[in-house]
Every structure is written in structure tokens, then in C-alpha cells.
Amino acid sequence: QVFQFNRNKAPTMTCFCWRLRILGVWRCTCKTWMVLILLICMLPKIWWSLQILSYPNSGTSHEHPQGMLSGLEAPAKLRLATNSPVLLEFEPCAGFAEQEMQAVKALMVGSELGAQVVFISNNGHVWDLWEMENSKLSQFADSFFRDNACDGPPGVQRKFWCGQTRMPAISILDQNDFDLARSLRKRLRIENAEQFESLRNNLWLYQPSIAHLSCDVLSKFPIVEPGVEWELFWKIWDKVEFKQDIQKTKQKIEERMTLYGAGAREKTRQMGFTSFPNDTAFNVLHLRMEPDWRIFCELTLNASGPPNCMNNTFEVGNVLLSEGITPSIPLYLATTVSTKRTLEQWRGQSSAPFVGDNLFNIYTIITHEMLAETIFNEWTPRLGHHKMFWPAVSSLLGMNANMFVGNSVSTFSGFLMQQRLRIQKRSIHYNGGSLRLQETKQLAPKKKWRTELFRKKIKWLFCIQPREGQTQDSSAHMAKVAIKSAFAKTSLVAIGVTTASPTSKFAAELVAAGVRLIYHTPSWVPHIKAMISQWEGSNNRFSGDKKPSHLLSDVDAMVGTFLRIDIPILGLLDPFLFYADIDILFQNDVTWPKLLGATDKQFKKMKDLPYEQQVFAKPGQEGIPMFFAMSAESEMEKVAANAGVMLWNVQSMRRSYPSFLNFIVTSGDITWPIGPGDQGALRTFYQGDRGPSYLPYLFNWKAYWPRNPTAVLVHFHGPKCEGDILPYLDDGRIRLPLFHFLLKRCQEGGNCLELCRQYMNYLQD
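Residues numbered from 1 in each chain as written. Predicted model: local features only at pLDDT ≥ 70, side-chain atom pairs only at ≥ 80, totals over all residues. Heavy atoms only, no water.

1. Topic: the sheet that holds strand E12 (residues 403–406)
- Spatially, the 5 strands line up as an open sheet ordered E11-E10-E9-E12-E13, and their pairing is parallel. Each having just a single partner strand, strand E11 (365–366) and strand E13 (427–429) make up the two edges of the open sheet.
- Across 4 bridges, strand E9 (residues 283–286) lies against strand E10 (residues 331–334) in parallel orientation. In the strand pairing of E10, His286 is matched with Ala334.
- On the sheet, helix H17 (residues 389–400) packs against E9, E10 and E12 and is oriented at approximately 140 degrees with respect to E10.
- Packed onto the sheet, helix H18 (residues 411–422) meets E9, E12 and E13 and runs at close to 150 degrees relative to E12. (Pairing = 2+ DSSP bridges. Helix = DSSP H or I, 4+ residues; strand = E, 2+ residues; numbered from the N terminus. Contact = heavy atoms within 4.5 Å. Axes fitted to C-alpha atoms, helices over the stretch in contact; angles between N-to-C directions.)

2. Details of the packing of aromatic side chains
- Summed over the entire model, instances satisfying the criterion amount to 42 aromatic pairs.
- With a centroid separation of 6.4 Å and an interplanar angle of 35 degrees, the aromatic rings of Phe576 and Tyr611 are classed as tilted. Of this pair, Phe576 sits in strand E17 (residues 576–580) while Tyr611 sits in the loop between helix H25 (600–607) and strand E19 (628–631); the two residues are 35 residues apart in sequence, bridging distant segments of the chain.
- Taken together, a centroid distance of 5.0 Å and an interplanar angle of 90 degrees make the contact between Trp701 and Trp705 edge-to-face. In terms of burial, Trp701 and Trp705 fall into one category: buried.
- One aromatic cluster is present, formed by Phe627, Phe628, Trp648, Phe660, Phe663, Trp672, Phe685 and Tyr686 through successive ring pairs.
- The side chain of Arg690 reaches across the aromatic face of Phe685, ending 4.3 Å from its centre. (Phe/Tyr/Trp six-rings, centres within 6.5 Å; stacked < 30°, edge-to-face > 60°. Buried < 20%, exposed > 50% of the residue type's maximum accessible area, 1.4 Å probe, protein only. Lys NZ or Arg CZ within 6 Å of the ring centre and 35° of its normal.)

3. So, the side chain of Ser634
- Looking at where Ser634 falls in the secondary structure, it is placed in the loop between E19 and strand E20 (642–649).
- Take Ser634: its relative accessible area is 14%, and that puts it in the buried class.
- Ignoring any residue separated from it by four or fewer positions in sequence, one finds Ser634 in contact with Tyr704, Trp705, His717, Leu742 and Arg745.

4. With respect to the pattern of salt bridges
- Under the criterion given, the structure shown has 25 salt bridges.
- The closest approach of N and O atoms between Arg654 and Glu315, which form a salt bridge, is 3.6 Å. Residue Arg654 is located in helix H26 (residues 650–665), and its partner Glu315 is located in the loop between helix H12 (291–299) and helix H13 (316–322); the two are separated by 339 residues in the primary sequence.
- By relative accessible area, which is 25% here, Arg654 ends up partly exposed.
- Take Glu315: its relative accessible area is 13%, and that puts it in the buried class.
- Between Arg564 and Asp581 there is a salt bridge whose closest N-O contact spans 3.0 Å. With a gap of 17 residues between them, Arg564 in the loop between helix H23 (555–562) and E17 and Asp581 in the loop between E17 and strand E18 (584–586) connect regions that are remote in the sequence. (Salt bridge = Lys/Arg side-chain N within 4 Å of Asp/Glu carboxyl O.)

5. What to know about the packing of H26 against helix H27 (residues 677–685)
- Look at H26 against H27: their axes get within 11 Å of each other, and the N-to-C directions meet at 110 degrees. Considering their axes alone, H26 and H27 lie roughly perpendicular with respect to each other. When the axes of H26 and H27 are compared, the crossing they make is right-handed. Facing H26, whose interface residues are Met653, Ser659, Phe660, Phe663 and Ile664, H27 presents Ala681, Leu682, Thr684 and Phe685.
- Among the residues forming the contact of H26 with H27, the class breakdown is 7 nonpolar, 2 polar and no charged. (Parallel < 35°, antiparallel > 145°, perpendicular 65-115°, else oblique. Left-handed = near helix turned anticlockwise from the far one by under 90°. Nonpolar A, V, L, I, M, F, W, Y, C, P; charged D, E, K, R; others polar.)

6. With respect to the sheet that holds strand E4 (residues 86–90)
- Taking strand neighbours across the sheet as the criterion, the 5 strands line up as E6-E5-E4-E8-E7 in an open arrangement whose pairing is parallel. The open sheet terminates on both sides in strands that have one partner only, identified here as strand E6 (170–173) and strand E7 (186–190). Strand-to-strand twist across the sheet, computed as the mean angle between neighbouring axes with direction ignored, equals 30 degrees.
- Of the pairings in the sheet, the one linking E7 to strand E8 (residues 209–213) comprises 5 bridges and is parallel in character. Directly across from Lys186, in E8, lies its bridge partner Ser209.
- Packing against the sheet, helix H8 (residues 196–205) makes contact with E4, E7 and E8, and its axis sits at approximately 175 degrees to E7.

7. What to know about the nonpolar core
- Counting 138 residues, the largest nonpolar core has Leu359, Trp460 and Phe578 as the members making the most contacts within it.
- The dominant element in this core, judged by the number of residues it contributes, is helix H30 (residues 752–764), at 7 residues. (Core = buried A, V, L, I, M, F, W, Y, C linked by side-chain atoms within 4.5 Å.)

8. Side note on H23
- Most of H23 sits inside the fold, with 6 of its 8 residues counted as buried.
- All of the buried residues in H23 are Ala557, Met558, Val559, Gly560, Thr561 and Phe562.
- On its buried face, H23 is in contact with strand E14 (459–464), helix H22 (525–533), H26 and H27.

9. So, the state of the cysteines
- Applying the stated criterion across every chain yields a total of 5 disulfides.
- Across the disulfide from Cys93 sits Cys215; the S-S distance is 1.7 Å. Taking the sign of the torsion about the S-S bond as the criterion, the disulfide between Cys93 and Cys215, at about 45 degrees, is right-handed. Highlighted residues: Cys93 in the loop between E4 and helix H4 (96–113) and Cys215 in helix H9 (residues 215–220), separated in sequence by 122 residues. We note that Cys93, like Cys215, is buried. (Disulfide = S-S within 2.5 Å.)

10. A few points about the pairing of E17
- With respect to burial, E17 is a largely interior element, 5 of its 5 residues being buried.
- Here E17 shows two buried faces, one formed by Phe576, Phe578 and Ala580 and the other by Leu577 and Tyr579.
- Relative to E17, E14 runs parallel, the two being bridged by 2 bridges. By the bridge assignment, Trp460 is partnered in E17 with Phe578.
- Note: E17 against E20, 5 bridges, orientation antiparallel. Considered in E20, the bridge of Phe578 is made with Leu647.

11. Brief notes about the confidence of the model for the chain
- Here the chain shows a mean pLDDT of 84. Residues at 70 or above account for 83%.
- Within the model, pLDDT remains below 50 along residues 1–28, and this stretch shows 68 contacts once partners closer than five positions in the same chain are excluded.
- Counting contacts from residues 47–72, a segment whose pLDDT is below 50, to residues more than four positions away or on other chains yields 49 contacts. (pLDDT = per-residue confidence, 0-100.)

12. Structural notes on the environment of Gln442
- Its location among the elements puts Gln442 in the loop between helix H19 (436–439) and E14.
- Along the primary structure Gln442 and Lys220 are separated by 222 residues, whereas in three dimensions their C-alpha atoms are 6.4 Å apart.
- Apart from the residues lying within four places of it in its own chain, the contact partners of Gln442 are Met101, Lys105, Ser219, Phe221, Ile223, Arg436 and Leu437.

13. Topic: the side chain of Ser410
- Within the secondary structure, Ser410 is located in the loop between E12 and H18.
- Since its relative accessible area comes to 2%, Ser410 is described here as buried.
- With residues up to four places along the chain from it excluded, the contact list for Ser410 reads His286, Arg288 and Trp293.

14. Here we look at the environment of Asn407
- Among the secondary structure elements, Asn407 is positioned in the loop between E12 and H18.
- For the pair Asn407 and Gly432, spaced 25 residues apart in sequence, the C-alpha separation works out to 8.1 Å.
- In this structure Asn407 touches His286, Arg288, Trp293, Cys309, Ser413, Gly414, His429, Tyr430 and Asn431, once residues within four positions along its chain are discounted.
- Engagement of the side chain of Asn407 in a polar contact is seen with the backbone nitrogen of Val409, the distance being 2.8 Å.
- Separated by 3.1 Å, the side chains of Asn407 and Asn431 make a polar contact. (Polar contact = N/O pair within 3.5 Å; in protein donor to acceptor, adjacent residues only side chain to side chain.)

Take a look at the structure:
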């Protein structure tokens, strides 16, 4: 780092002294020929220094120039007497977390310029809620400013800050005093974050002076790990303390969480959820849904990837359930939309209002409006009406929460998530994508914080519709076996989608078995029921080119199989999801390379690329599906035909969902020439260039095919163990003639008997 000496009429010369930043000391050249050059260099330096010292407003002591304060009244003189000859004003803007970060960055800039940083008080800013005078923050800033100047090059700035009389690094002024101080100084504007060195020279040359740092420049000031700025930012931030009003409110809320926790445990016990071991634990959800946020989202796109500002806002309850966020402890809702009326209005704005039910019906929601009614009965905080009061309380609660769930585009969420990361507390963002603070380099940790394209824990989704009164081959039996085999043979996360009531025995048993259950009410159920009932008793059901199915006369079964078309709109974070029916038996683990038909080396290249740069597989080929991948039907042929096991591209399926659903409900029936039910709908609507890619045989191996020890799962496609296979193998009984040819294959070369024995062992265990 070479430093230069500038003045309007003085030539610019470079001195052969430099600073070793690592050691924090200055070094100079000592070779003979360089000493001669150095002496020449010293002449303009000495002349320049004499000019500065002879300047009438040099500010080398803490006494202000007589001309500046002589006309002021005594109180104003006293208030301004502790101002440095060089000040830095910064323009606070936007919301709570933005101002927090701006304040820290302003102190960093101030130390570089040797300029005392002005904080305007009682103006609705976040530092009104901070401990400022004689605080840890002010003491650290004083020490840091002094050390930074004393380690710097010789000059007026160093002489001023390293003098015997110490000057505070922070000046707290009200608006009137600040306006007065500014009017008496030469003003300079910082246009970008690379002007600091030349600006520092000018500020100290033309003192008393003041530099203006705009909101735009501050927001573009990068803080990137690793780096000196990164370390300094967090050193300063660690000294910030909120005032007692904020601390006391947070403490009172946490004390009340025990009462709310008891209610949450009682509420969720009958749903099958286990109690959380900590009675005082709570989670925090920062839900952005305010009108101004909607406007912001319409005008601002995420820094990388598709716009996700409002993604999963209404489906956030499903995000929590699918990510394993327990509802057995209270969920504090950090949002300005906190009254009962506004929350109901928010729920009513969803295109599918039922999706909000999982947030409010399953979780015990706590809002600051509810809390204010109880904790402020006997005590009223002096700062309670400050517009930043509840954001400050929410930020402290967010730091102490068992889990924090935020919005990746929000600065409040992004800043809080990074603070929690430093103390190794878990956080997630409900809307997916990448952290905007990181992408814009406003605060960018080394660890890439974004939803992985292929998440380490693969989710297995299945859909299940309760069928009352059925014993053999019931959905409960098949689900039990599939779940047990998944936990025994794979590392999958089991996610169930059901129309069952959360308090039903059916649903509670699934939750108790370790399934993350999403309670879902499809909008299309009346249509499916109407399509089935219109053919009741008709002899023309399968006339023409329509394909038969044993499910077409069973309303519950057909609703259960159609449930999977809603997977893209449920609000799960995973860009790709593995789906399999419940009439399966897992044999080996499910991995991404196997699913994509790729080698480990090929998969590494895939996972390192963002979604937009991926090369999607052509229809009928293995690889990353453009929409979804399927495997063969009953014959061992490379045809993407069976929807019993699928790999979903959630993003593309979500975008095409409205047109796909419209295709189904306007078709007049639920069977097509290519096949019946949702499988027929999927294969008919998604064809040609957007047809399904191929899922390897290993993921949809049929029980009536020969034994295969490398198969990932076996699909009891058609005949089931309890009602079809075992009765047929025992005494030749056939329940459905449609299955006769498949049962013969079981007997003649399939592996049905061994697999059904495994099935029964899981069922009876």
C-alpha cells in the first residue's frame, strides 16, 4: 500500500514507504540509491505538511476554530465541542436490518476516513433502540478508530486521533444540532466505495468538513468472507446491545412461551407428534406477506435464479411440515401482519385457501398482538411506540429460537440467518433460492447458502387416501410396509400426502411411524367423483379406445391416485422429488446418480451447475427430467409409461400445473386412449418434445419379473400380496380377472412369493 500526498497546487509524489497489512506496521526502503530518491520525495511531503499545519482550520487539537463556534450560544457550543474536524454522515434507508448493517458499515468507512460518525437520534432509526453512550459499541469504536489511525501513515489524521486527548468515534446529535454542524462545514459526497483514500486527503485538507455517504453506496459496499472487512464487520456487530425495554420485552415473552408450549403439546399429541424435550422452546417464522413487500417483489428479482420473492408464501405450513419443523412447540410469527383480521385477509388472498390451514390448524401461532395484550398489562415499555420496537424484539427472539424460518430475499431474514450460523444454530428459508444478501455481496459468507438442486436428503413422497372399512390390502397395511422398508433399507425422508383429518387415528399412526405428513384437500375432488359416478351402471364404460382399470369404479382409490398431480403446488423446497406409490417394497438405497442414470463423476458436474444451466434429458432418455421421469409398465421395455414411481421436476411442473389441471377438468372423462386416471392424463398432456424422460428399471422392478438383487424397489403393480398373490399361489383363487395374466407370470418366473414373505414380515413385525 503506497500512499500519496495531494493538494490542489502541489505535485503528486509517491513515497517509498509501505504498510504491511498483516503485521499492521510501516516499512521503508533503506538501499542507498533509494534513500536519495526518498530524500527528494520528502521535500514536497515536508512542504505539504507545513501547508496543512498552517491552515487556519487544521483541527489538530480538539479545540474548534474560533470562527466556527464564536457566533453560537453556550449550549450549542457545548454540544458541538466534541465533534471532530472531520465528520461522516450516512443516509439510513429501508427497514430494520438494512439500517443495522448500514450503521456498522458506516463505522467501518469512518475509521478508514478518520471521520467521526454522526448518528442522528430520535428520528425513528434502529440505533434509537441501541445502547450508545458509554456502551460496548462506543468503547470499541473509540479504541478501533484510534488504533487504526495510529497504525496509519504520518499526517494530520494520525496526529489528531493519536493525541493525548481522546476523541469519541461516534457523535450522537439530534436533527437540529446536526443541521447546525453540517452548515458550518465543507461538504463532500462519497460517490462510490473506491474513493476513500483520495476523499480522506481532501476531508483533512479542507477541514472542518463532512462527508455524505448515501444509502446506495452503503448497500453496494461489499462484505465478503474471507477478508479484513468481514472480520471487522462482525467485531463491530458483536458490540451492539439493545436497550433494556427491548431486552425486558424479549425476556417476558420467553417466560410466557412455557404456557403456549403446554397448549402446543396437548394440541399435537392427538395428531401423533412426540413432545419436544424443552418446555421453553419455540420456533420463529419471518413471514413476508405485507402489501409493500408484494410491490417490492413485483419490481425486484432475486440476484440469481428465478424470482422467488413470494414463493411458498401461502404454502409455508407445508414447508414447515415437510422440513420436519415440529408443531409441538409454539411458532412465533414475526410479521407486521399480525392481527386476526389481517391474517384472515391474507389467507383469503390465496388461489387455494386450504393451503393456509396447515399453518394455523397444525401449529400454535403466536403473534406480537397476542403477546402485547398480556405482557404489557402491568408494565409499559417507554420505547413501545417506536416503529422499530417489534422488529428489534423479533430479532432477539429469532436468535434464541430453536429454529428460525425466513425469506431468502428479505434482508431481515438473511442477516438473522447469518448471525445464527455463526453460533451454529439451524435456519432455513421457506421460499427456496439463494440468499439475496449473499448474491449481492452485501454480506456474503464463504458457504454458499442456497437450496441445493439435488438435496443430500432425498425426499420420498407418497399419497394416501383412507378407505373406511377395508381390511385386506388396505392403504394402511401397504403404507406400513413401504415405510418400514424405506427406513430399514434407505436414507430417504418419508413425506406423506393425505386427505385424512390431522386428528384421525389413520393420520396419527402415520406421524407416529416417522412420516412427515401433509394434510391436503384438492380442489378437483368433486370433478373426479362426478366423472366416476356418471358411468355408474353403464355398459359403455370402456367402449371405443378407452383402456380399462380396476380403479375407475372406486372413488376413494381414484382420488388417492390423482393426489400426486398436486405435488408441485404443495410448497416443498426440493427442486426435484422422488415419488413412489405405497404398494412397494424397498430393497436398496435411493441415490441421485442412480435416479439420473449417471456416474458419480457426471453427477458431480450436474450438482455444481444451477438449474438454468442444466441439460435436460430428451423424452425417453435417462437424465434430469424436463418435467418428470417414469419407468416401464408391465413389460421390460424402455418406455416411460408407469406413474407408480416418478422423479418430478418441481419447478417446471409447478409452472405447467394450471394448464394441466384445466386439461383434466375439461376432458369430460378421466380415461384417455393412452390409459386411464392421472397416469393417462400425464402421458397425454406431456408428450412430444415435453414428454417424460426414462427412469431406470431398478426403481420400478415388478414382483412378477425375475429376481433382481440390485433392484432399488419392487412395485406390486396390479396384484397385491394379501388379496391377490398369496391366495393365488395357495389355491389358485383370482379376485380380479384383469390380474390373471400377471398372476401366471408370478408363478412361472416371477419372484412374488419371496417378496410377499418379506411384505408379511414387515407387516407383522
